[in-house]
Amino acid sequence: TLPPGCPRSAGQPAEVLKGKMSMHTTEEWAQHAHLNMTKASTAQSLAHMQCDMSKRAHDSTVCNNLSMYDSLHQSMSQKVKNSYRLIEKLQKRADSIEVSLQKTSASQSALEKALRDKDVPLQLCTWRLEQR
């Protein structure tokens, strides 16, 4: 018998209608199922390949990033060392200039004192010349 709500063709028994409802033979159904399984297997293989490629790309990116960070760290370390050496040299130069300034100032003071010390003898010499 047919389930409720299915129309019955006029004058045909239920057994004949059941046969018409099945559109595929068992062999066609098996072929169709096999085709679906093959497509599913292919899609799954492609998905696995895509996943593997994605993992490799991720690993490669992580490796490249680590390499770049290491290179950056080495570069920055070298720049810091160079900066410290430059600071040390500039500090030595500043100290040397400070010493030179102190010596120049002392020399200037000595010259000015020597000039002042000559004033008295020069005045005496000038007085003597005037006396002649």
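From a predicted model like this one, the values you see are computed outputs, not experimental measurements.

A grouping of Val62, Leu66, Tyr69, Leu72 and Met76 is seen on the molecular surface, where their side chains present a nonpolar patch of about 520 Å² in accessible area. Relative to the helices and strands, leucine 72 resides in helix H2 (residues 26-131).

Per the stated rule, a full pass over the model turns up two salt bridges. Two residues, lysine 92 and glutamate 88, come together in a salt bridge whose shortest N-O distance is 3.6 Å. Within this pair, lysine 92 and its partner glutamate 88 are both found in helix H2, separated by four residues, close to a single helical turn. The class for lysine 92 is exposed, based on a relative accessible area of 54%. By relative accessible area, which is 47% here, glutamate 88 ends up partly exposed. A salt bridge links lysine 113 to aspartate 117, with the shortest nitrogen-to-oxygen separation between them at 2.9 Å. One end of the pair, lysine 113, and the other, aspartate 117, are both in helix H2, four residues apart, so they sit about a helical turn from each other.

About the criteria used
- Every chain is numbered on its own, with residues counted from 1 as its sequence reads.
- It should be noted that, the model being predicted, local features are given only for residues of pLDDT at least 70 and side-chain atom pairs only at 80 or more, the latter also being counted only at that level, while totals for whole chains, interfaces and linings use all residues.
- Working from all heavy atoms in the structure, the side-chain values ignore hydrogens and water.
- The patches reported here contain residues having more than 30% relative accessible area and no salt bridge. Joining distances are 9 Å for like charges and 5 Å for nonpolar side chains (Val, Leu, Ile, Met, Phe, Trp, Tyr).
- Computed with a 1.4 Å probe, the accessible areas rest on the Shrake-Rupley method; for each residue, only the protein chains presented here act as cover.
- Within this document, salt bridges are pairs made up of a side-chain nitrogen of Lys or Arg and a carboxyl oxygen of Asp or Glu, the two lying within 4 Å of each other.
- In this text, helices come from DSSP runs of H or I with a minimum length of four residues, and strands from runs of E with a minimum of two, each type numbered from the N-terminal end.
- Each residue's exposure class comes from its accessible area (1.4 Å probe, protein chains only) as a fraction of the maximum for that residue type: buried when under 20%, exposed when over 50%, partly exposed otherwise.

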